Structures are given as structure tokens and as C-alpha cells.
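Remarks on the overall topology
Residues per chain are reported as follows:
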Amino acid sequence: MSIISTEQLGHSFNDKWLFKNLHFALQKGDRVALVGINGTGKSTLLKLMAELFPPQEGKIVKEKGLRIGYLSQEPDFSGLTTINDFIYSSDNEQQQLIKEYELLVEQADVDQKKLAQVTDKLTALNAWEYEHSIKTILNRLQISDFEQDINSLSGGQKKRLSLAKLLIDEPDVYILDEPTNHLDIETIEWLEKLLTTGHKTVLVVSHDRYFLDNVCTHIKELDKGNFYSYAGNYAYFLEKKAEREYNDVLSAEKARNLLRKELDWMRRQPQARGTKSKARIEAFYDLEEKSKGPKSQDKVQLSVKVARQGSKILELEHVSKSFDSKTIIDDFSYTFKKGDRIGLSGKNGSGKSTFLNLITQEIFPDKGEVNVGETTKYGYYKQGGLSFSDDNRVIDVVKSVADYIQMANGDTITASQLLTLFLFPPEKQHGLVSKLSGGEKKRLQLMRVLMSNPNFLILDEPSNDLDIDTLNVLEDFLLSYSGILILVSHDRYLIDKLTDQLFIFDGSGTVTIYNGNYADFKFEQEQKIKEEKQAEKKNKEQEKIIAETAKRKLSYKEQKEYEQLEEEIEKLEIIIQERTEELNKTTDHLQLSELASHIEKLQIDLDSKSERWLELAEYV
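Residues numbered from 1 in each chain as written. Predicted model: local features only at pLDDT ≥ 70, side-chain atom pairs only at ≥ 80, totals over all residues. Heavy atoms only, no water.

**Side note on the overall build of the protein**
Our working definition: Where helices and strands are cited, they refer to DSSP runs of H or I of at least four residues and of E of at least two residues respectively, numbered from the N terminus. Using a 1.4 Å probe on the protein chains alone, a residue whose accessible area is under 20% of its type maximum counts as buried, one over 50% counts as exposed, and one in between counts as partly exposed. Whether two residues are in contact is decided by their heavy atoms, any of which lying within 4.5 Å being enough.
Looking only at helices and strands, the protein has 20 helices and 20 strands in total. Split into buried and exposed, the 620 residues of the protein put 44% on the buried side. Of the contacts formed within the protein by residues at least 6 apart in sequence, a portion of 67% connects residues at least 24 apart.

**A closer look at the packing of aromatic side chains**
Aromatic rings in a pair are described by how distant their centres are and how their planes are angled relative to each other. Short version of the rule: Aromatic rings from Phe, Tyr and Trp, with only the six-membered ring used for Trp, were paired whenever their centres fell within 6.5 Å, and each pair was classed as stacked if the ring planes differed by under 30 degrees, edge-to-face if by over 60, and tilted otherwise. Two thresholds decide whether a charge sits over a ring: the Lys NZ or Arg CZ must be within 6 Å of the ring centre and within 35 degrees of the ring normal.
Under the criterion given, the structure shown has 19 aromatic pairs. Ring centres 5.8 Å apart and planes at 90° place the aromatic pair Phe-355 and Phe-503 in the edge-to-face group. Of this pair, Phe-355 sits in helix H11 (residues 352–359) while Phe-503 sits in strand E19 (residues 501–505), and the two are 148 residues apart along the sequence. Its relative accessible area of 1% is what places Phe-355 among the buried residues. Members of the aromatic cluster, each reached through a chain of ring pairs, are Phe-332, Tyr-334, Phe-336, Phe-355, Tyr-378, Phe-456, Phe-503 and Phe-505. If you follow Lys-20 out to its NZ or CZ, it ends over the ring of Trp-17, 4.3 Å from the centre. Positioned above the aromatic ring of Phe-424 is the side chain of Arg-443, whose terminal nitrogen or guanidinium carbon lies 4.8 Å from the ring centre.

**A closer look at the side chain of Thr-201**
For Thr-201, the location among the structural elements is in strand E7 (residues 201–205). Residue Thr-201 is classed as buried on the basis of its relative accessible area, which comes to 0%. Apart from residues no more than four positions distant in its own chain, Thr-201 is found in contact with Ile-3, Leu-26, Gln-27, Lys-28, Gly-29, Asp-30, Asp-172, Val-173 and Tyr-174.

**Describing the confidence of the model for the protein**
Just so we agree on the cut-off: Confidence per residue, as judged by the predictor, is encoded in pLDDT with a range of 0 to 100.
Summarising the model, the protein shows a mean pLDDT of 83, and 88% of its residues fall at 70 or more. Throughout residues 296–301 the model reports pLDDT below 50, and contacts reaching past four residues in sequence, or to other chains, amount to five contacts.

**Topic: the nonpolar core**
What counts, and what does not: Put simply, a nonpolar core is a bunch of buried Ala, Val, Leu, Ile, Met, Phe, Trp, Tyr and Cys residues held in one set by side-chain atoms that sit within 4.5 Å of each other.
If you look at the biggest cluster of nonpolar residues, it comprises 49 residues, and the most contacted ones within it are Leu-138, Leu-141, Leu-161, Leu-167 and Leu-212. A per-element tally of this core places helix H6 (residues 155–169) first, with six residues. The contacts of Leu-141, once residues within four sequence positions are left out, are Arg-160, Leu-163, Ala-164, Leu-167, Leu-183, Thr-187 and Trp-190. In this structure, Leu-419, Tyr-481, Ile-495 and Phe-521 belong to the second largest nonpolar core, which totals 42 residues.

**Digging into the packing of helix H19 (residues 556–585) against helix H20 (residues 589–617)**
As a reminder, the rule being used: The convention used is that axes are lines fitted to C-alpha atoms, helices contributing only their stretch in contact, and that angles between N-to-C directions extend from 0 to 180 degrees. Note that the term roughly parallel is reserved for angles under 35 degrees, roughly antiparallel for angles over 145, roughly perpendicular for angles of 65 to 115, and oblique for everything else. In a left-handed crossing the near helix is turned counterclockwise from the far helix by less than a right angle, and in a right-handed crossing that turn is clockwise.
One can describe the packing of H19 onto H20 by two numbers: an axis separation of 9 Å at closest approach and a directional angle of 155°. By the angle between their directions, the pair H19 and H20 is classed as roughly antiparallel. The handedness of the crossing between H19 and H20 comes out as left-handed.

**Considering the pattern of salt bridges**
Any two side chains of opposite charge can pair if their charged atoms end up close together. Note the following rule: A carboxyl oxygen of Asp or Glu within 4 Å of a side-chain nitrogen of Lys or Arg is what we treat as a salt bridge.
Here the structure, examined in full by the defined rule, presents 25 salt bridges. The partner of Glu-57 in a salt bridge is Lys-20, and the shortest N-O contact between them spans 3.6 Å. Of this pair, Glu-57 sits in strand E4 (residues 57–62) while Lys-20 sits in strand E2 (residues 16–27); the two residues are 37 residues apart in sequence, bridging distant segments of the chain. Accessibility expressed as a relative area gives 27% for Glu-57, which makes it partly exposed. Under the relative-accessibility criterion, Lys-20 is labelled partly exposed at 39%. Glu-568 is the partner of Lys-609 in a salt bridge, and the nearest nitrogen-oxygen pair spans 3.0 Å. Of this pair, Lys-609 sits in helix H20 while Glu-568 sits in helix H19, and the two are 41 residues apart along the sequence. Here the residues in one salt-bridge network are Glu-189, Glu-192, Asp-208, Arg-492 and Lys-522, joined through shared partners.

**Description of the side chain of Gln-501**
Examined against the element boundaries, Gln-501 turns out to sit in strand E19. With relative accessibility at 8%, the residue Gln-501 sits in the buried group. Contact partners of Gln-501, with chain neighbours within four places excluded, come to Tyr-334, Asp-340, Arg-341, Ile-342, Gly-343, Ile-513, Tyr-514, Asn-515 and Gly-516.

**Re a negative patch on the surface**
For clarity, the cut-off: Candidate patch residues must exceed 30% relative accessible area and have no salt bridge, after which like charges are joined if within 9 Å and Val, Leu, Ile, Met, Phe, Trp or Tyr side chains if within 5 Å. For the area figures, the Shrake-Rupley method with a 1.4 Å probe applies, and any residue is considered shielded solely by the protein chains shown. In this tally, Lys and Arg are treated as positive and Asp and Glu as negative; His is ignored, and so are the chain termini. All charge positions are set by atom: Lys at NZ, Arg at CZ, Asp at CG, Glu at CD.
On the surface, Glu-563, Glu-566, Glu-567, Glu-570 and Glu-573 cluster together into a patch of negative charge. Its location among the elements puts Glu-570 in helix H19.

Printed below as a string of C-alpha cells:
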């Protein structure tokens, strides 16, 4: 049974219908990915499902009391000042108690009475596990300064903060718009495990194909206002989508062939007489509509000409860089070679962006040298993006760089043809930049970088906000790209496909060079951990065997001592009992003193022998 669904849903944007009569439902435990190219209405549909605004047609139906958690690409923190204000909801008793507890324990002079009261309340509400869960989430998402002003946070920090709040609130339905943006790979893998634990209901838009494969069990494709459903993960979806598109092409070709015959029939019939079959005429118009389907066409290979590259490309000699006494890069050397395809790996803040700024000489090292070859021509795609004037047309943005672009094979294509290759149809090309989605603007920015014919290409998180179809075009281009490639991406699929070497940043200044892609590195790390665990288990087993062996092997002398001690202890216990009885019967003060002293000495001797007997008994 559905817990949330749409009925005849329709919505338009900039006078264009994104979808109409859309039917969609989520059942408890469904984990659904929504895919489609930028501009098809994916984010709009998520917002409608989260009831951020009403649809222009149809309605959203949900279970009474259903709690929806929505993660936006651009979170809104209006009316809030600090991280604390946002994390702990005022109407959630457990969260408010946890907030009070955290504030108390951070004080230099803790009010023990108040702390005890809060502790008792947390225990009564069974909130300690929840408190641990909150801490785990905040630590994983690198949130530690709860008094920090929200307005001082970067875009990435705001996205992680919004994600943390959603995970802490544990809603009935998780609606996530690009949740992996601004997360490092380790955190993405942690998020995958969290979302697939405990029968959660998830609706997600993401370009991260590994994430979709690992999390989702159903795929919904939004294409030209229509929904296509696939029961399976992303790999299954790709297979079935290819089959559907192939069948659509065959059906359209068949319809076009039949249409030619029917068109001839329509033209031959007398116009003045009403003798034509009405049913056949109606069938003709249906056929005409079907014939407008997709056509079979060869896949275009985008391969922009690369500027000539000399023998000296880029040399880093003992480079070091620190900020505020924290070492980011320490004594790193590397000489770039033709054909290098390098991925940068490491947690957020570990030094990847600093490294890129050093090699492009936007900043300079504290020690060492960065020597750039005379023919090296950078193409640098940054996370921040390029600024476009909203009143510019898309085609003008491209023509401001060049009217014609030379391809690797010597052919020349127009700016319009290049836009088409990057999935901007003619109607989009002559539209305003202001009408593009966030992902489409990023795609335009990427085009601007590639058009300059760089021979040293740097892509810093190119997959953020790009749809998967655009990423496929980018991948095809980069696979045939003959220049140097440096790629920073949390998209494991992209790193695996496009790089064969990693620079791994550990955050303390050390940069490790690894020959292989991320999948190779991850496999080796897992094998290493597995081997360490096996070695630890083997050591424990050996220690246990040694201990057990030691128990079984009591020396002849110790065995004799053990047996003798048993006899001596028994005799001492009898003597002590006899002396104690004598002590109880006598009234002579002198004799009482002597007996008491004797008993004390006997007891000391008994304790000593008993202790030694216990030691030997462990090895019997």
C-alpha cells in the first residue's frame, strides 16, 4: 500500500510543461532513484512530493501523520543563527534534552545537580542511543563547532549540515536531491550503509552511479514528461533503457515506412468526396504521431583538438604549503609525463584544492618550486563555476569564446553544433541563460573550459549537479583526451573509469602516489584490513594455544610442590582450628595472648601457601 503518491500531477516552468497527468507512488521500504537529463523536472517533482509548493494540476496524497525529510541542493536557513539552532528542533523533547546535556558537559564548572537531572530524564526517555547516533552523524559530516554562525558556512558545509539534520530527525520518507555532493568518498560509503539499514523509504536524485547501484532497488526515468519504471538497480536500468530505446527506434522506423504508403493513399483519394474510411483517416494521424519517434543515429565522438605539448610539462620540486601553522602539503615532488591521468583522493579539507591552486600558480608554495612548461595550457573547471549574465543567450556565451571549434581529426564545427553535442537542443541554444537549470549552467561552464583546447585539464568535482547523460558525454570525451588529466571527484565511477593513478592526501601533509584507480586502491585497503584481522585472530589463537600448552605442562618439581602444599594447607587448617578451640576455652590472659599470637602466625603461613597453591592450580 502506498504511503505517498501523486494523482494526475502536472507542473510547468517558464511556460513549458515539465510533465502532465503524472502518476507515481512510494510504498514503505521503497528505495527509488529518479533519473533524467537536466531540465526535465526532477528537482521540481521532489519539491512537489515534499509539499514545498502546490502543483498546478493534480495533487499529492499521503498517509496521515507521515513525516517527510527533504534535502535541497541549496538549503534554506532563514531565521536561524547558529548550527545549534538548526540541529536541535525546539519541538523535539529528546533533541532538546541532548542539547542541554551537551551544553552542560562543556562547561568548566559543571552543575552536577542539574547534570544528574538531565541524565535521569535522558535515561527515562531511552535517549542515550539517540544521543550516540546524533554524535556519529555530526562527526561523520565534519560538524563540530555548534556555535558557528550559519551565514559563515560555505555551500558545501551548508549542504552537509542540512543532510545531518535530516538524518538526525529520522523521517518516514527521505527525499534527497543530490545527497553525495560535497561529501568525500568515505562519507558517501557510510551514507549508503545508513540508508540501506532499517527498511527506510528513499526517493533520491543523484548522478553518482555507484551510489544508485548500492542504494536503490527501483529506477524511475523522467523523459519528455513521461515516466518509465524499472525494478532493479542502476546497472539493470541501463540495460533495459537501451532495449527500450532500440525498440522505440524500430517502432518509429516501421511507422515512418507505413506512413509513406498511407500518405500516398491520402493524396490519391478525391478531396471532394467523403468516400475515405474514417477509421483509416484517424489511423493515419495516429501513425503520423508515432513516426515522430526517435531515429537511429551514429554516436558522435567529441574530441576537441589539444594544444601542442612540449617535453617539459610541469615539475614539482620538494613543494610544501601550510596555513595557520597547519601543514597541508609537505615536501612533495613529482614530474608530470605525457598521458598522465591522475585522480586526487582524500577527505574534505585534506589539501586537494590547495594542490590545484599550487600547480596553476594561483598560490605559491612556502618551500620548493613549481615549474610550468612553456607550452602547458591549463583548462581549469572549478567548483565555484563561471558567472553568466542571466540576460545572455546560451549561444552567445559560447560564441564569446569562439564561433568555430577545431576537432582532433581536423574538422571544424560551429558553436551551435558543439552545444548540440553537449545536449543543448536548438530551442535551448537561443534561450536565456536565466532559464537554464543549475545543472545546465554547470554543463555550459564545462563547455567553456573544453573549448579553449587545453593540454592540461583540471576538473574539480565536475559531476556535481550534472545529469548522468551529460556525464556520459564528458566521459566519452575524456577517454579519448590526449592531454594531462587531473580529476577531483567523489564520483567513484568517474574516478575508476578515467584515471590510472592516485595522489592520496591524508590531511597531515603527506601525499602518497598510488599506481591504480580508486577501485584498485579500495580493494588493496580492504585486503590489508582483512589480512590484519586474520593476523590478529591468528596471534590470539597462538597466544591461547601457548597459554593452554603452559597449563598442561607443570614441571615435576612444581607438581610435587603442588601436592605437598595441599597436605600442608590441610594440616595448617586443622592446627588453626584446634588452637582456636583452645583459645575459646581458656581464661588465662597470658595463655590467651600466646595462643592468639600463634594463630596469627599460622594464618599468615596458611595465606601464603594458599596463594602459591592457587598459582600452581592454574597449570594443573
